[in-house]
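Remarks on the overall topology
Okay, here's what each chain looks like letter by letter:
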Amino acid sequence: MAEPYDPQQIEPRWQEFWARERFAAADTAGEKGLYMLMMFPYPSGDLHVGHGRNYILGDCLFRMFLMQGRKVLNPMGWDAFGLPAENAAIRRNIHPREWTIGNIGRMKDQFRRWGILYDWGKEITSCEPEYYRWNQWLFNRMLEKGLAYRGKSPVNWCPSCRTVLANEQVVSGECERCGTLVEQRDLEQWFLRITAYADRLLEGLDRLPDWPEKVKVMQRNWIGRSEGCDLRFRVEGVEEPLTVFTTRVDTIYGATFVALAPEHPLVERFRSTAPDADFGEFVDGLRNQTRLQRESEGGEKEGRFTGAWAVNPFSGERIPIWVANFVLMEYGSGAIMSVPAHDERDFAFATRYGLPIRVVIAGPGMGEGTVLSEAYSGPGRVVSSGPFNGLASQEAIPRMGAFAQEKGFGTGRVRYRLRDWLISRQRYWGTPIPVVYCKNDGIVPVPDDQLPVVLPTDIEFGKVEGNPLARSASFVATTCPKCQGAARRETDTMDTFVDSSWYYARFINPHVHDAMLDEGRVRRWMPVHLYIGGVEHAILHLMYARFVYKVLADFGLVPGDEPFSVLFNQGMIVGKSSVTGRLEKMSKSKGNVVAPDALIARYGADTERVYTLFMGPPEKEAEWTDEGVLGAHRFLQRVWALQDAVADAAGRAGEGSANERLRIATHRSVKRVHTDLERYHPNTAIAAMMELVNAIGETQQEAGEGALREAYETLLKLLHPFAPHVTEELWRLTGHEGSLLRAGWPTFDAALLARQRVTLAVQVNGKLRATVEVEPGLDPDAAAAAAREAAAKWLEGKEVVKVVHVPDRMVSLVVKG
RNA sequence: GCCGGAGUGGCGAAAUGGCAGACGCACGGGACUUAAAAUCCCGGGUCCGAAAGGGCGUGAGGGUUCGAAUCCCUCCUCCGGCACCA
């Protein structure tokens, strides 16, 4: 009898062995291999079982690749800048760096205890100057190309995080990180010109067939490309024309007013002349509202007449200019031509304020005089539009656009919802933006040879409002690189998404000191073949990374122009919350965190791994249950116990049919595990191995040593990526030396699988009536004969008019009478 | 509102045009045990039937097909994303 299965005793030993033997080390100087990567984590400290999913799946695939003898780069690092470290500094008076490094140590240890292998020789920590200096270097390059710029605009301010945020980091009016309502502030900030890459970001998605459709759709929506034209309206009494953006020039004869955003510069000119006494108050009220407030007020459309008139450039008609709460300064030109008949919002506004509604697009069943009860925004025939009458709206759009262009009051224009990427943050724990402000020379970049601009350490946290960096005298006071005069350093730091926008390329050459990237290596190893991470980064990280990669490609530093060939999004692990009683993402506040430590102490890391991979398809959300863990543990117990079955069969030839049955089961499992892993379905791969365990159990009395050994050893190999510790141990116990990682990945004998008898389903008129066991590869006539015999009782007195034969699967008989 | 995804036993799920429910959990019965735990064996979609066998069954309704969980149309519900974007 074997010793009892004791993961406590087994697991640490193998973890040490794998580290010592450096199985995960990949030489990127040599020839190209497969590059797989899991999104590097923020080192927040403790990991729970929900975090494990991503890493366990990655490790499972990695180990299979290693067993297949492939060369694989599988690195790990730390997205180490960010607010939690600074908040910890304020609360607990510990330096952010110290806090971060401590957490990294704990997380690395957790990875080790999960049995997860990484090439730690290539570890990256983004808060170290040797890493972030290249953020600064890249910033300088982008500054040279005009891709980085300083600009003033209304920006999102999170009062709790005390910093501005990029648009992508505001989720329905709230800070993505802390949930606080963001405010609008007019500030001068640093931006990266991601909008210059909008079309390429869009077009690149079409060349990513192995990305989830969902992510691509989200990015497309976020970029929000729309084609239309800018039209210039003359405003009575005003010199400069007013530009509006529209995608529906075809409706312009139906424009009965023009609407301006409250922030539109033209509004100021009408402040004193507008007819309503509360005009100024109204405008100021809107300007002080947050975006969310403005939208939340029941979607109620509100506005005021400015007292001014615009002239429709097509018809020459005078139409009033209004200020309206539903017009956004951030989009288009902050001014629209309003066509109530054909736009839902304009319709609501016109109805409320008694403005005319004029049909100019006749949809099905509509004519010139039709009175609408709601806006019609579909296509139709152009009416009441002078020379354009009778055109189909689809046709009128280009025709009328061209007309406007010809006459000089219109220009074809593509607009995007996407805004430039605001990267300045008024916080300490990030990459210093490498510029200085000089009285003589203005904004001066810090020259490359003076990089990195290192974060100072003489910092006091938490005492006063504002960026602690700005209070570091030694940091702020500097000299101008141009004139050597006194100058002031920029104290804003970069958004941490800058760090993660290119780290994947640095992993290939983390120790190059005189360049951001080693061109030769990067050229061989990029793009990342398989990128695994959570869907929460569908827009943020993944779009920034695609943008920066394209910039790097334009600088000639990287090959191609997409960084990640295959993207795999794992789903969340959720647990029943003791607070809300519902299934929620694991978090301390929800009281549903399962810590790996106790689990590993009781059942072992292999059990956690098998359960995590067995829960369901990894792209789906899955609920953690203690009973499920038990099932995974039982499975490993059975595998452990089966070593006796092999030992007991020593010297036994066994019974032929049992041997054959077991061998077929073995090879079928090899085939299934392999194909299931290839399509990222570890759950069904485990099911296949469970079936093999059952098959070994059923035949262990009759089968011979050869078949049992083959079955068991194959099982150990197949199971190794899932449960690495116990399989290594069993591999030794069954008399082998070395590691399963070097034992090769099993292949299956197709000829053997082709020999197994098959069960044909027999259908009569589409209903299953019988099954019949036959030799594989039966020809249609023989199959039909077997089917007729099996279903004889259903064919009595009937005529078979058609036979459908699906080889080795079924025969369908169609009968009449 | 728009876009995307999903809906299958008591539960997690499998099957992507060919025997629905593999595999596991929970449950029921049995063996072992003084007993329990652990382990092992057997049984579970549902209805009729003692059984053999049959009817029904993959959110609802319709369609295509010899054959549909799978393809098409209409609708319902849930989840996710975007949302006054001109």
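Computed from a prediction, not measured in an experiment: that's the story for all the values here.

The next subject is the overall build of chain A. Check the secondary structure of chain A and you find 27 helices and 34 strands. Residues classed as buried in chain A amount to 54% of the 817 residues present. Carbon together with sulfur atoms contributes 50% to the accessible area of chain A, which is approximately 35,100 Å² in total. Counting 97 positive and 105 negative side-chain charges, chain A places the centres of these two groups 1 Å from one another.

Moving on, we come to the state of the cysteines. Throughout the structure, instances matching the rule amount to zero disulfides. Free of any disulfide, Cys483 has its nearest neighbouring cysteine sulfur in Cys438, separated by 3.5 Å.

With respect to topology, four strands assemble into an open sheet ordered β6-β5-β9-β19, the strand pairing being antiparallel. Looking at which strands have only one partner, the edges of the open sheet turn out to be β6 (163-165) and β19 (421-422). In this sheet, β19 lies alongside strand β9 (residues 183-192) in antiparallel orientation, the contact comprising two bridges. Bridge pairing in β19 links Phe191 to Leu422.

Glancing now at the environment of Ala595. Among the structural elements, Ala595 can be located in the loop between β29 (583-585) and α17 (596-603). Under the relative-accessibility criterion, Ala595 is labelled partly exposed at 42%. Taking the C-alpha atoms as reference points, Ala595 and Gly204, 391 residues apart in sequence, are found 40 Å from one another.

This brings us to the domain arrangement of chain A. Domain boundaries assigned for chain A yield domain 1 (226-415), domain 2 (575-636), domain 3 (642-753) and domain 4 (757-816). Its C-alpha centre places domain 1 at a distance of 69 Å from the equivalent point of domain 4.

Turning our eyes to something else, we now look at the side chain of Thr246. Position of Thr246 relative to the elements: it lies in strand β11 (residues 242-246). Take Thr246: its relative accessible area is 9%, and that puts it in the buried class. Look past the residues within four positions of Thr246 in its chain and what remains in contact with it is Gly228, Cys229, Leu231 and Met337.

This part takes up the pairing of strand β10 (residues 226-235). Where β10 and strand β18 (residues 410-415) come together, six bridges link them in antiparallel fashion. Across the sheet, the residue bridging to Glu227 is Val414, located in β18. Pairing between β10 and β11: five bridges, direction antiparallel. Bridged to Cys229 within β11 is Thr246. Counting the residues that bridge the hairpin from β10 to β11 gives six residues, and of these Gly237 lies at a positive phi of roughly 80 degrees.

Here we come to the nonpolar core. Within the largest apolar cluster, 182 residues are counted, with the highest numbers of intra-cluster contacts made by Tyr35, Trp421, Tyr504, Phe547 and Phe722. Counting the residues that make up this core, at least three belong to each of domain 2 (575-636) and domain 3 (642-753). For Phe547, the residues in contact, after removing those within four places along its chain, are Met142, Leu192, Arg193, Ile194, Tyr197, Leu201 and Trp421. Ranked by size, the runner-up nonpolar core spans 48 residues in total, among them Cys229, Leu231, Phe388 and Ala396.

One turn of the α-helix equals 3.6 residues, which is why residues spaced by three or four share an orientation. For helix α3 (residues 83-92), the full list of buried residues reads Leu83, Ala85, Glu86, Ala88 and Ala89. Elements in contact with the buried residues of α3: α4 (96-113). Where α3 terminates, the next one or two residues include Asn93, which has phi positive at roughly 55 degrees.

Packed helices, taken two at a time, are described by their axes: the angle between them and the distance between them. Relative orientation of the contacting elements helix α18 (residues 605-614) and helix α24 (residues 724-733) amounts to 120 degrees, with a least axis distance of 7 Å. Comparing the axis directions of α18 and α24 gives the class oblique. Seen from α18, the contacting residues are Ala605, Asp606 and Arg609; seen from α24, they are Pro724, His725 and Val726. Of the residues belonging to the contact of α18 with α24, the class tally is three nonpolar, one polar and two charged.

Pairing in this open sheet of four strands is antiparallel, and the strands run β22-β21-β24-β23 from one edge to the other. On the outer flanks of this sheet lie β22 (442-445) and β23 (477-479), each paired with one strand and no other. When strand polarity is set aside, the average angle formed by the axes of neighbouring strands in this sheet is 45 degrees. Alignment of β23 against strand β24 (residues 486-489), held across three bridges, turns out to be antiparallel. Bridge pairing in β24 places Ala477 opposite Arg488.

Take empty space enclosed by the protein next. One pass over the full model with this rule turns up two cavities of 30 Å³ or more. Empty space within the largest cavity amounts to approximately 230 Å³. Lining the largest cavity are 19 residues, with Leu83, Arg177, Arg425, Asp495 and Thr496 sitting closest to its centre. Along its surface, the second largest cavity is lined by Asn135, Leu138, Phe139, Met142, Leu192, Ile423, Met494 and Val498. Top element by residues in the lining of the second largest cavity is helix α5 (residues 129-144). It accounts for four residues. For the lining of the second largest cavity, the residue count by class is seven nonpolar, one polar and no charged.

At their nearest, the axes of helix α22 (residues 682-699) and helix α23 (residues 705-719) sit 11 Å apart, and the two run at 160 degrees to each other. Relative to α23, the element α22 is oriented roughly antiparallel. The way α22 lies across α23 gives a crossing that is left-handed. Of the residues in α23, those in contact with Met689, Leu692, Val693 and Ile696 of α22 are Leu708, Ala711, Tyr712, Leu715, Leu718 and Leu719. Split into classes, the residues belonging to the contact of α22 with α23 amount to 10 nonpolar, no polar and no charged.

Below, the discussion takes up the packing of aromatic side chains. Centre distance and the angle of the planes are the two values used to describe a pair of aromatic rings. Scanning the model with the defined rule gives 45 aromatic pairs in all. With a centroid separation of 5.5 Å and 80 degrees between ring planes, the pair formed by Phe388 and Phe403 is classed as edge-to-face. Here Phe388 is found in the loop between β17 (381-382) and α11 (393-407), whereas its partner Phe403 is found in helix α11, with 15 residues between them in sequence. Its relative accessible area of 6% is what places Phe388 among the buried residues. Taking the relative accessible area as the measure of exposure, Phe403 reaches 26% and is therefore partly exposed. In this structure an aromatic cluster arises from ring pairing among Phe40, Tyr503, Tyr504, Phe507, Tyr531, Tyr549 and Phe564. Across from the ring centre of Trp137, 4.9 Å away, lies the NZ or CZ of Arg141, which sits over that ring. The aromatic ring of Phe245 is capped on one face by Arg415, whose charged end is 5.1 Å from the ring centroid.

Before going further, it helps to examine helix α16 (residues 540-554). Between the first and last C-alpha of α16 there are 21 Å, a value that for 15 residues agrees with the 21 Å anticipated at 1.5 Å per step. Most of α16 is tucked away: 14 of the 15 residues are buried. Just beyond α16, the residue with positive phi is Gly556, at close to 75 degrees.

With that settled, consider the pattern of salt bridges. In a structure, side chains of opposite charge can pair up when their charged atoms sit close to one another. One pass over the structure, following the stated rule, counts 51 salt bridges. When the shortest N-O distance is used, the salt bridge between Glu21 and Arg742 registers 3.8 Å. With Glu21 in helix α1 (residues 7-21) and Arg742 in the loop between α24 and α25 (750-754), this residue pair connects regions lying 721 residues apart in the sequence. With a relative accessible area of 35%, Glu21 lands in the partly exposed category. Across the pair Glu240 and Arg269 runs a salt bridge whose closest N-O atoms are separated by 3.3 Å. One end of the pair, Glu240, is in the loop between β10 and β11; the other, Arg269, is in the loop between β12 (257-260) and α8 (279-288), with 29 residues separating them in the sequence. On the basis of relative accessible area, Arg269 is assigned to the partly exposed category, the value being 43%. If you follow the salt bridges from partner to partner, you end up with Glu203, Arg207, Arg546, Lys550, Asp561 and Glu562 in one network.

The rules we used
Residues numbered from 1 in each chain as written. Chains lettered and ligands numbered in written order. Predicted model: local features only at pLDDT ≥ 70, side-chain atom pairs only at ≥ 80, totals over all residues. Heavy atoms only, no water. Helix = DSSP H or I, 4+ residues; strand = E, 2+ residues; numbered from the N terminus. Buried < 20%, exposed > 50% of the residue type's maximum accessible area, 1.4 Å probe, protein only. Areas by Shrake-Rupley, 256 points an atom, 1.4 Å probe, with all protein chains shown as cover. Lys, Arg positive; Asp, Glu negative; His and termini not counted. Charge placed at Lys NZ, Arg CZ, Asp CG, Glu CD. Disulfide = S-S within 2.5 Å. Pairing = 2+ DSSP bridges. Domains from an automatic or database assignment. Contact = heavy atoms within 4.5 Å. Core = buried A, V, L, I, M, F, W, Y, C linked by side-chain atoms within 4.5 Å. Axes fitted to C-alpha atoms, helices over the stretch in contact; angles between N-to-C directions. Parallel < 35°, antiparallel > 145°, perpendicular 65-115°, else oblique. Nonpolar A, V, L, I, M, F, W, Y, C, P; charged D, E, K, R; others polar. 1 Å grid on protein atoms, 1.4 Å probe; cavity = no way out; pocket = protein on both sides within 12 Å on 5 of 7 lines; lining within 4 Å. Points joined across faces, edges and corners; volume = space filled by probe spheres on them. Left-handed = near helix turned anticlockwise from the far one by under 90°. Phe/Tyr/Trp six-rings, centres within 6.5 Å; stacked < 30°, edge-to-face > 60°. Lys NZ or Arg CZ within 6 Å of the ring centre and 35° of its normal. Expected span 1.5 Å × (residues − 1). Salt bridge = Lys/Arg side-chain N within 4 Å of Asp/Glu carboxyl O.

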